[in-house]
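Reading the structure
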2 protein chains.
Amino acid sequence: MVSISTKDQRVDAWQKLVDIIESYLEQNQDPETPVVKYRSAQDLKEELELKIGEAGADSNEVFSEISKYLEYSVRTTHPQFNNQLNAGFNFNALMGEIVSFIANTSMATFEIAPVATLLENKLVEELNKSIGYENGHGIMVTGGSNANLMAIHCARNRMFPNAKHEGNPNKELCVFVSQEAHYSFQKAVSLLGLGLNNLIKVKSTVQGEMDSEDLENKIKKCIEDGKTPLLVASTAGTTVMGAFDPVAKNQEIAKKYNLWHHIDGAWGGAALFSEKLRHRIKGCEEADSFTFDAHKLLGTGLITSFFLTKDKNIIRETNSGGGGSYLFHEYENSEYDTGAYSLQCGRKVDSLKFWLTWKALGHKGLQEFVDNQVAKREHLVNLINEHPRLKMLHEPQFLNACFQVLPEEENVDINKYNFDLRFKLVKEGKYLVNFSSWEDGTVFFRHVFANNVTQKEDLNKLVDEIVSLSKTM
Amino acid sequence: MVSISTKDQRVDAWQKLVDIIESYLEQNQDPETPVVKYRSAQDLKEELELKIGEAGADSNEVFSEISKYLEYSVRTTHPQFNNQLNAGFNFNALMGEIVSFIANTSMATFEIAPVATLLENKLVEELNKSIGYENGHGIMVTGGSNANLMAIHCARNRMFPNAKHEGNPNKELCVFVSQEAHYSFQKAVSLLGLGLNNLIKVKSTVQGEMDSEDLENKIKKCIEDGKTPLLVASTAGTTVMGAFDPVAKNQEIAKKYNLWHHIDGAWGGAALFSEKLRHRIKGCEEADSFTFDAHKLLGTGLITSFFLTKDKNIIRETNSGGGGSYLFHEYENSEYDTGAYSLQCGRKVDSLKFWLTWKALGHKGLQEFVDNQVAKREHLVNLINEHPRLKMLHEPQFLNACFQVLPEEENVDINKYNFDLRFKLVKEGKYLVNFSSWEDGTVFFRHVFANNVTQKEDLNKLVDEIVSLSKTM
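Every value quoted in this text rests on a predicted model; they were computed, and no experiment measured them.

Let us now look at the domain arrangement of chain A. All names here are of chain A. Assigned domains within chain A: domain 1 (25–103 + 361–473) and domain 2 (106–349). On a C-alpha basis, the centroid separation for the pair domain 1 and domain 2 is 29 Å. The interface is formed by 30 residues belonging to domain 1 together with 30 residues belonging to domain 2. One can count 1 salt bridge joining domain 1 with domain 2.

And the structure:
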């Protein structure tokens, strides 16, 4: 019935699986391998023929499903995948994920996940040390979006401790983010019952940083309108441009008006580990909370997210309650039960993959890892600046490079041109780099340096390819 | 710097990893292997010596961390682990997890996760077919708690479409669950800004089913008090007793008073696949939404959760918004972008592990899988009923068996006795079975049949051990 269950079957299956994976990884090192075998959804559906039979499939069929999965999935460990804020390869993290799955312990209680609980606590402690939270707290969550949600949830609970029992106070609670902030704040204010109208977008500069003066004006306006300012989120490393909001200035303003100050460092939080970048988040230890995703830059695999707080008790106060009758028993280790203050009940172990990664790199290795990525970004930006057909649109602060390709001919709509060129590049399949747009209609390539596999020569090739492809337009 | 990166290093690492895992799995088949090597948190901390150095660790140290992780983690694939609602082993799911990690594609867009998107859609389609949703919708979420949260979020959006922009309406919105319902509803109403006071606990019968008469009375009372009934959740398979709320009756009441009817089938949703159990959720196709966790009974690994709806559009309407500038581009496949209606942005692929499991079992195999677990429960319940020292506390409807051990001597506090006995059993390490308590102070063993590895002879041993251990008390 179950196709792989005896020891012999497993040994055989391991061998087949490792062969498939190793051949996949080798293909990814070959520049001729397309980063994606593009199919429209409709075509792919027909090709895959997904079907569950009455009788079970044998192990050959299972392996054939696996091969198809890898064949048509985008190759995020390919050096020419620079499209999303997660990419690259890390064998230690892979081993961590496999072992976590084998053990399959849920994070709800120390009793069931003793080692994983201590690992998560240790990672929280190390991250808090990097931030400068001397007596902080934290928990792993289901993504940066979830961490940002938790920040507003905690802020509401601190300002209105009765909200937990009575619901939102009869006031309009306002959350301030920059116009470049991540869209998870929209999801969060909607979910929390605060309403999208109370998510106030603060202006950003041309470099993508929040304009603190506009922040203060908008807070004042909010108060004048009889509303209640609740939280300001400074983004450390915006999604599109990788810009850092002025943390220290925003902190002052938050303090002055009694707002919770959250730092969304999902992407740019890696600046914590880099001598070169650390100054970008100077003063972050004064903020109330911090989002950090290790899976974005460090290749630890989806999802490796943290929500960290300066206050030792606020996460527990905000989230505690329930489960006492069967899950959270009072005994000698009960203060270690993370489920008592999580939004999840059953929770996957996400700590081990990051733990093995960090352990293998060491503090110094982690710093070098981040700084290497910065060096690659500098390399690409130099190429762009030197090329007459390419134009940078900003001065990069982190690991994003936004640029346009200039059409050779006049009277061409540059935005449509860049859109079409990028889609052509993707359909060819050898390179995957994202694009983005601004409200004024500007469309541009957005290269992100989340992929540790990508090397400088790969960037040279990318530039050559874009330029030569543009000649066929 | 990175300790495992070349092909040769990987081949070597794979070998070591597989050896460690296989020896771990073999140990788990040996009845002499303790299911947990119990340490207090303080002792375990000292034993593990968790530390990140300035320099990185070599691969031997990494493997030593892995071995320690497995040594002190609770063995959830051990036949005597029957403590939590996830357990057991499933090699196909393991392969699915490994391959998902290797590909590491985020579910946000079809462009980046083409195969995984179609797989998830296909699983949603199959589950909806099982439920009876003819034109439904669904999405994988971060756990049953998250699915229950989504249900209330969608219900609020349907009743108050303006809430998304304006925040919670100036009314008290009430959510009805049984007193035996999962505590995630507490977390949800708090997070959504509805308040714990508006989570109305409906009485349960001695068998753990919601009392529909009390439900209707409480809805009426809510209306009389000027509040607004929003949603009723019927639990299909309660956490402690595995009871099924009366779905059809609750559906009638929900319809009469215009409430959203949600079914929390996180645990008991597996009844969908069993001829023996299907009648327990008769009428579920009329309900508005359904929570299902494949990781609970089917051994697919944390997390494999679904939120399913009868309405084709409500999830999208409720959750859409944002990300347009850089992520969700309008093009030929954009209707397939699940991120446009998810609460997450980056999202791990959880579909493949369940897909390979279901594919390998087939529809028939899945039914047998569930029915086998029912047969094991029947076996244990027979043992308990036949034993003079053991007493069942309910008539099991699903895969939970709640029972007490009767002290040999008189004048013994039976609740303290069961508590102490269970903790003694856990500290011995050979058996891990949970306990639970009721508000009246009754403490009892709660055996859950989530572990497919456990066989009838293991249950015989468990009963023998409990009884013989009780003689040492």
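One copy of the chain maps onto the other through a rotation about an axis followed by a shift along the same axis. When chain A is fitted onto chain B, the two copies agree to an RMSD of 0.0 Å after a turn of 180 degrees and an axial shift of 0.0 Å. Here the two chains are linked by the operation of a two-fold rotation axis. Looking at the rotation axis and the C-alpha trace of chain A, the residue lying nearest is L192 of chain A, at 2.2 Å. Comparing interface residues between copies, 99% of those in chain A also lie at the interface in chain B; the contact surface is shared.

Another point: the packing of helix α5 (residues 114–131) of chain B against helix α13 (residues 351–386) of chain B. All names here are of chain B. Taken N-terminus to C-terminus, the directions of α5 and α13 make an angle of 50 degrees; their axes are 10 Å apart at the nearest point. Between α5 and α13, the angle is such that the two are oblique. The crossing of α5 and α13 is left-handed. Touching A116, L119, E120, K122, L123, E126 and L127 of α5 are S351, L352, F354, W355, W358 and H363, all from α13.

What follows deals with the sheet that holds strand β4 (residues 199–202) of chain B. All names here are of chain B. Across the sheet, which stays open at both edges, the 7 strands sit in the order β2-β8-β7-β6-β5-β3-β4 with mixed pairing between neighbours. Each edge of the open sheet carries a strand with a single partner, namely β2 (137–141) and β4. Strand-to-strand, the axes of this sheet are offset by a mean angle of 20 degrees, without reference to chain direction. The pairing of β2 with strand β8 (residues 305–309) spans 5 bridges and is classified as antiparallel. Each bridged residue has a counterpart across the sheet, and for H137 the counterpart in β8 is T309.

Our focus in this paragraph is the interface of chain A and chain B. Reports often express the size of an interface as the amount of accessible area lost when the parts come together. Residue-level contacts link 158 residues of chain A with 157 residues of chain B. Where chain A abuts chain B, roughly 13,800 Å² becomes buried across the two surfaces, and 64% of that area is made up of carbon and sulfur atoms. Along the contact surface separating chain A from chain B lie 10 salt bridges. A salt bridge links K7 of chain B to E26 of chain A, with the nearest nitrogen and oxygen atoms 2.8 Å apart. Across the chain A-chain B interface, the total number found is 60 residue pairs in polar contact (both at pLDDT 80 or more). Among the elements that line the side of chain A that touches chain B, the one with the most residues is helix α13 (residues 351–386) of chain A, at 15 residues.

Criteria and thresholds
Residues numbered from 1 in each chain as written. Chains lettered and ligands numbered in written order. Predicted model: local features only at pLDDT ≥ 70, side-chain atom pairs only at ≥ 80, totals over all residues. Heavy atoms only, no water. Domains from an automatic or database assignment. Contact = heavy atoms within 4.5 Å. Salt bridge = Lys/Arg side-chain N within 4 Å of Asp/Glu carboxyl O. Least-squares fit on C-alpha atoms with pLDDT ≥ 70 in both. Axes fitted to C-alpha atoms, helices over the stretch in contact; angles between N-to-C directions. Helix = DSSP H or I, 4+ residues; strand = E, 2+ residues; numbered from the N terminus. Parallel < 35°, antiparallel > 145°, perpendicular 65-115°, else oblique. Left-handed = near helix turned anticlockwise from the far one by under 90°. Pairing = 2+ DSSP bridges. Buried area = accessible area lost by both parts, 1.4 Å probe. Polar contact = N/O pair within 3.5 Å; in protein donor to acceptor, adjacent residues only side chain to side chain.

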